[in-house]
Amino acid sequence: MELTKFVDELPTIPTLKPNAILNGVPYYEVTMLQCHQQLHRDLPPTTIWGYNGMYPGPTIEAFSHQLIRVCWKNQLPTKHFLPVDKTVHGAEPPNPEVRTVVHLHGGATPDYSDGYPEAWFTNDFQQVGPYFVTKTYDYPNLQPSTALWYHDHAVGITRLNIYAGLSGFYLIRDTQEQMLNLPRGNYEVPLLVQDRSFNEDGSLYYPCEPEEPVEGVCPSVVPEFFGDTILVNGKVWPYLDVEPRRYRFRLLNASNSRFYNFSLSSNQFFYQIGSDQGLLEQPVMTKEILLGPAERADIIVDFSTQFGNTITLQNSAPSPFPGGDPPNPETTGLILQIRVIRPLCSLDQSTIPYYLTYMPTLSENLASKNRLLSLDMAKDAYGREIHLLDNKRWADPITECPKLGTYEVWSFINTTEDAHPIHIHLVRFQVLDRQPYNVDVYQQTDEIVTTGSKIPPPLNERGWKDTVIANPGEITRVIFAVGPFSGLYVWHCHILEHEDHEMMLPYIVIK
Ligand code: C2O
C-alpha cells in the first residue's frame, strides 16, 4: 500500500495528570484499552492497544527524587489481534493468551515495580503470573533528568504488545536541567519512532511466520521484524511546522528490530546534549545519530537560518543492522518532515550551553567482578535459529548475582552477525570500550584473541546509558554500580523478537 508522506501533522502527546495526590505522592491510574486510531489520513481507523486507549501512551512527567505511584490496569480483550506463537517460553498454555506487565525502561525502580516479565496480569487482574506482587507500582525517580519510556514486558509476547501500541514516554525533570535554559514548552518535542506495516483494511500487519515456515509451528515467532512505514508519535510520516529557532527533540527508537541512523536533509549539524540516562557533560556536535531499539538521544537543532525551508529527518541504517539492506530512500529512509514556515513568535532566548552536567568517569579498577557474557546463536526445539545470552535460556538457573553497592564490568562478547542493543534493568552504566576479537577462535576454544585495540566510546556515548549496541565481532564492555536496589531483575537484547525468543535472562542483585 502506498501512503502519501507528510500529510498528517505530528501529534503532540498529552501529559498524564495525576488522579490524586496521596500524602504528597502523585498517584496515577492508567488503563490499557483496545481502541481505534487513525494513523494516517488515507487509512481507515486501526485497531491498537493503548495506555488509556492512546498510542503512544500519555507522557508521564516526574521530578527527580519525587516518588510517584502508578496503578496499571488491563481492560484488553482476552484474544490477541496479532499472531501469538504459543511455543515460546512463557506463552504456552495454560498461560492466558493476553498478558501484560509494565516496565519503566531505564528507571531505577524497586523490583516489585520493575515489570518482571512473569509478573504479568490479565484483564481486571483475573489471572496473574507467578511473580506478580502488586497492582500499584512505585517509581522513586532516584536519577537525574532524562527521557525514559514505559512499555509492555510480558514474557513471550512483548514484541506483539509493544507493536500493538503499548509504549509511552516518561520524562524526569530536575533543577540542573531547568537552569540550563534549553528550548522548552512548545520548543521541546518528544519523538517516538517506530516502523509498522499495514494490511489493505488499515489493520496492523505482523507476520504469522518467518519467510521459511517452520514445520508444525504456526503462528511462529519471526527472527526480527521490519515494517515498511515509519511512524512518529503514532502517525505515518508526519510533518511538523516550526519557527526559525532552536528546538529540543527527545528521540526514542521504540521499534521492534529496526536501527535508525538519524540525519537532516539540510545536512546541518545539530547538538546531542543527552543520551539514555541524561545529560552529557558537554554537547556533541554531529550530523548523524545511530540509535538501536530502546536507545534515546536528546538533541538540539537550530532552525534559525532555515526560514522557508523544508527539512526531512531521515534514516540511513540498514536492516538488519549492520549487515542488511539499506533503507528505501522513498520509504523507510524517511521519518519526519520539518517545515520551517511559522513566524518567529518571540525572540529565541534558549541556549546551547557549553557545559551541561558533571560526568564522573568510572574506572575499571573499581570493579570487583568482570563478567564475560557471550551473545550466541543456537537452535530451538523446532529447529528455529535463536539468540542466547551466555548460551543460557530464560528458564535456566540464575547465574548473575551481583552484590548491591559493588561495581561490575560486564563484557558482551558478540559471536553473532547482528548488532544487539543490550539493556540491563535497574542500573545505569558507562561504556568502557569496544574491541574486535577473533570470533572463530573464541567459538572453537573459548579463548579470547583480540585483533585490534580497545576503541573508546564515541563522544555521544560518554554519558550514562542503559542500553548499549554490542557490535558483531566485538567485545563491548560496560561498567556500573550495582543498585540502588536489591532484588530480581532482567537483562536482555532489546530487539523484541530476540528478547521474546530466549535472548533475555533474569539476574539477582543480592544484599
Ligand atoms: Cu525496554 Cu527490559 O526493557
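Residues numbered from 1 in each chain as written. Predicted model: local features only at pLDDT ≥ 70, side-chain atom pairs only at ≥ 80, totals over all residues. Heavy atoms only, no water.

**Concerning the domain arrangement of the chain**
What the domain assignment reports for the chain is domain 1 (20-175), domain 2 (185-340) and domain 3 (364-509). Every contact between the two is made by 29 residues of domain 2 and, on the other side, 25 residues of domain 3. Across the domain 2 to domain 3 interface the summed buried area is about 2200 Å²; carbon plus sulfur atoms make up 55%. In terms of surface lost to domain 3, no three residues of domain 2 exceed Val 221, Gln 277 and Glu 295, which account for 22% of the buried area on that side. Measuring nitrogen to oxygen at the nearest pair gives 3.0 Å for the salt bridge that ties Asp 276 to Lys 465. Here domain 2 and domain 3 share 16 residue pairs in polar contact (both at pLDDT 80 or more) between them. Those elements giving two or more residues to the side of domain 2 that touches domain 3 turn out to be strand E17 (270-275) and strand E18 (278-286). (Domains from an automatic or database assignment. Contact = heavy atoms within 4.5 Å. Buried area = accessible area lost by both parts, 1.4 Å probe. Salt bridge = Lys/Arg side-chain N within 4 Å of Asp/Glu carboxyl O. Polar contact = N/O pair within 3.5 Å; in protein donor to acceptor, adjacent residues only side chain to side chain. Helix = DSSP H or I, 4+ residues; strand = E, 2+ residues; numbered from the N terminus.)

**Thoughts on the state of the cysteines**
One pass over the full model with this rule turns up zero disulfides. Summary of cysteine pairing: Cys 208 is not part of a disulfide, and the nearest cysteine sulfur, belonging to Cys 218, is at 5.3 Å. Exposure remark for Cys 208: the relative accessible area of 41% places this residue in the partly exposed category. (Disulfide = S-S within 2.5 Å. Buried < 20%, exposed > 50% of the residue type's maximum accessible area, 1.4 Å probe, protein only.)

**Looking at the packing of aromatic side chains**
For the coordinates displayed, the defined rule picks out 26 aromatic pairs. For the ring pair Tyr 139 and Tyr 170, a centre distance of 5.8 Å and an interplane angle of 65 degrees mean the geometry is edge-to-face. Within this pair, whereas Tyr 139 is found in strand E7 (residues 136-139), its partner Tyr 170 is found in strand E9 (residues 167-173), the two being separated by 31 residues in sequence. For Tyr 139, a relative accessible area of 1% gives the class buried. For the ring pair Tyr 489 and Tyr 507, a centre distance of 6.1 Å and an interplane angle of 35 degrees mean the geometry is tilted. Here Tyr 507 lies in strand E31 (residues 504-509) and Tyr 489 lies in strand E30 (residues 487-493), a separation of 18 residues in the sequence. The exposure classification of Tyr 489 matches that of Tyr 507, with both residues buried. Linked through ring pairs, Trp 410, Phe 412, Phe 480, Tyr 489, Trp 491 and Tyr 507 together constitute an aromatic cluster. Above the face of the Phe 269 ring, Lys 287 is positioned so that its terminal group lies 4.8 Å from the ring centre. Lying over the aromatic face of Tyr 239, Arg 339 brings its terminal NZ or CZ to 3.9 Å of the ring centre. (Phe/Tyr/Trp six-rings, centres within 6.5 Å; stacked < 30°, edge-to-face > 60°. Lys NZ or Arg CZ within 6 Å of the ring centre and 35° of its normal.)

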